[in-house]
Amino acid sequence: MNDFILKNISFSYPNSDKLVIDNISTNISNGEFVCVLGKSGCGKSTLLKLFAGLNIPSKGELLFEDNIIKSASLDRGVVFQDYGLFPWMTAGENIMLALKQRYRNRNVNELKEIAIDSLKQVGLDDKVYNTLPKYLSGGMQQRVAIAQVLSVNPKVFLMDEPFGALDAVTRAKLQDLILELWNKNEVKKTVIFITHDVDEAIYLANRIIVLGQSPSKIIYDKKISLNEKTSRENLYTDEKMMLLRNELIQIINKDISEKTLM
Ligand SMILES: Nc1ncnc2c1ncn2[C@@H]1O[C@H](COP(=O)(O)OP(=O)(O)OP(=O)(O)O)[C@@H](O)[C@H]1O
Ligand SMILES: [Mg+2]
């Protein structure tokens, strides 16, 4: 079943003539882990906000579960690169904010239990509940942001370069956490994960989409079956993955050199 159907989507920001997304059509199936790669400024965040309902297409139709997306929804949880936490609220209060919207009829104690459980799922202590974001490391803040999205149990995870600001070790840990969360459900959540890191895409995705430079179109789209995937240790020695890496780098560089000559 398709979660998202994109029919000839184009997008320009209001008050701007510049076309950012140029006539994209594709489907995203339920349970896919799609990584979207592309050079800075090509329109990745713009596209993610279209999936979220924070941008609405200027032309074309974008459907989620057969309904045209008209606004944001808690069914499509977004994790941003800058964690998206309100700095004046504790980690717990940030999570509760989303939970109160999701479960309007439940009492505060029940919601707090869900919040603490989601902190535990991302490997954080329940003490973090009462801590302001500024006292948490970047990696911990990003875990809180993931916990916030997890707590409301969305159907889809939309992630915009969520680990871009983190060191390599923390980044690897959080990549594994996301894969673990994705793998653990029998009915897998759909994940759309924006990155400009080819290796991150190869490690995480079961489908890789490359956006060309602005105005962006899909210039590459490939599924990677679960039995083709490799462990982190073999990521740089597995022949298939090395070929895939070369192919992706060539496609991205070719697009950059062609568009720069124009
Ligand atoms: N709110 C906005 N109003 C007008 N133009 C915008 C707005 N946000 C982004 N743009 C423009 O849209 C284009 C695509 O931007 P977008 O942020 O989607 O790129 P990106 O691929 O996410 O880049 P990066 O990898 O640097 O995050 C850019 O030319 C940018 O200047
Ligand atoms: Mg971006």
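Residues numbered from 1 in each chain as written. Chains lettered and ligands numbered in written order. Predicted model: local features only at pLDDT ≥ 70, side-chain atom pairs only at ≥ 80, totals over all residues. Heavy atoms only, no water.

Draft legend 1. Looking closely at the overall build of the protein. For the protein, the helix and strand inventory stands at 7 helices and 10 strands. For 262 residues, the compact-globule estimate of 2.2 N^0.38 gives 18 Å, and the C-alpha radius of gyration of the protein, at 19 Å, lies within 12% of that figure. Oriented by its inertia axes, the alpha-carbon framework of the protein measures out at about 60 × 45 × 35 Å. Across the 262 residues in the protein, those meeting the buried criterion constitute 50%. Residue pairs at least 24 apart in sequence account for 70% of intrachain contacts in the protein once pairs closer than 6 positions are excluded. Surface summary for the protein: the accessible area is close to 13,100 Å², and the carbon and sulfur share equals 50%. Across the protein, the 33 positively charged side chains and the 32 negatively charged ones have centroids separated by 3 Å. (Helix = DSSP H or I, 4+ residues; strand = E, 2+ residues; numbered from the N terminus. Rg over C-alpha atoms; globule rule 2.2 N^0.38 Å. Buried < 20%, exposed > 50% of the residue type's maximum accessible area, 1.4 Å probe, protein only. Contact = heavy atoms within 4.5 Å. Areas by Shrake-Rupley, 256 points an atom, 1.4 Å probe, with all protein chains shown as cover. Lys, Arg positive; Asp, Glu negative; His and termini not counted. Charge placed at Lys NZ, Arg CZ, Asp CG, Glu CD.)

Draft legend 2. Representation of the sheet that holds strand β3 (residues 33-37) within the structure. Taken together, the 6 strands give an open sheet; going across it, the order is β6-β7-β8-β3-β9-β10, and neighbouring strands pair in mixed fashion. Every interior strand has two partners, whereas the edge strands, β6 (76-79) and β10 (218-223), have only one. Neighbour to neighbour, the strand axes of the sheet diverge by 15° on average, direction disregarded. Sheet contacts for helix α1 (residues 44-52): β3, β6, β7 (156-160), β8 (190-195) and β9 (207-211); angle to β7, the most-contacted strand, approximately 155°. Each of β3, β7 and β8 touches helix α5 (residues 168-184); the most contacted strand, β3, lies at about 140° to it. (Pairing = 2+ DSSP bridges. Axes fitted to C-alpha atoms, helices over the stretch in contact; angles between N-to-C directions.)

Draft legend 3. Structural detail: the pairing of strand β1 (residues 2-12). Extensive coverage of β1 is indicated by the burial of 8 of its 11 residues. Judged from the 7 bridges that link them, β1 and strand β2 (residues 19-29) form a sheet pairing that is antiparallel. Note that in β2 the partner of F11 across the bridge is I21. Where β1 folds back on β2, the antiparallel hairpin that results is connected by 6 residues, among which N15 adopts a positive phi of roughly 65°. Pairing of β1 with strand β4 (residues 59-64), which is carried by 5 bridges, proceeds in the antiparallel orientation.

Draft legend 4. Broad picture of the sheet that holds β4. Strand order in this open sheet of 4 strands is β2-β1-β4-β5, and the pairing throughout is antiparallel. Edge positions in the sheet fall to β2 and β5 (67-68), since each has one partner strand and no second. Docked against the sheet, α1 engages β1, β2 and β4, running at close to 125° with respect to β1.

Draft legend 5. Representation of the site of ligand 1 within the structure. In the vicinity of ligand 1, the residues found are Y13, K18, V20, K39, S40, G41, C42, G43, K44, S45, T46 and E161. Here K18 contributes a side-chain N or O atom positioned 2.5 Å from an oxygen atom of ligand 1. Between ligand 1 and S45, the relevant distance is 2.8 Å, taken from an oxygen atom to a side-chain nitrogen or oxygen of the residue. Relative to its free-state accessible area of 640 Å², ligand 1 is covered by the protein chains to the extent of 60%. No other element matches α1, which puts 3 residues into the shell around ligand 1. Taken together, the residues of the shell around ligand 1 sort by class into 3 nonpolar, 5 polar and 4 charged. (Near = heavy atom within 4 Å. Polar contact = N/O pair within 3.5 Å; in protein donor to acceptor, adjacent residues only side chain to side chain. Nonpolar A, V, L, I, M, F, W, Y, C, P; charged D, E, K, R; others polar.)

Draft legend 6. Quick look at the nonpolar core. Counting 55 residues, the largest nonpolar core has F33, V144, I146, I208 and L248 as the members making the most contacts within it. In this view, L248 contacts L37, V198, I202, I208, V210 and Y220; residues no more than four positions away in its chain are not counted. One finds I9, V20, L62 and I194 within the second-largest nonpolar core, a separate group that totals 25 residues. (Core = buried A, V, L, I, M, F, W, Y, C linked by side-chain atoms within 4.5 Å.)

Draft legend 7. Main features of α1. Where burial is concerned, most of α1 is hidden: 7 out of the 9 residues are buried. Three or more residues of α1 are buried, namely K44, T46, L47, L48, L50, F51 and A52. Positive phi shows up at G53, right after α1, with a value of about 90°.

Draft legend 8. Spotlight on helix α2 (residues 91-102). Across its 12 residues, α2 extends 17 Å between first and last C-alpha, which sits within 8% of the 16 Å expected from 1.5 Å per residue. Looking only at α2, the buried set comprises A91, G92, N94, I95, M96, A98 and L99. Turning to α2, the residues buried within the fold contact α3 (108-121) and α4 (138-151). (Expected span 1.5 Å × (residues − 1).)

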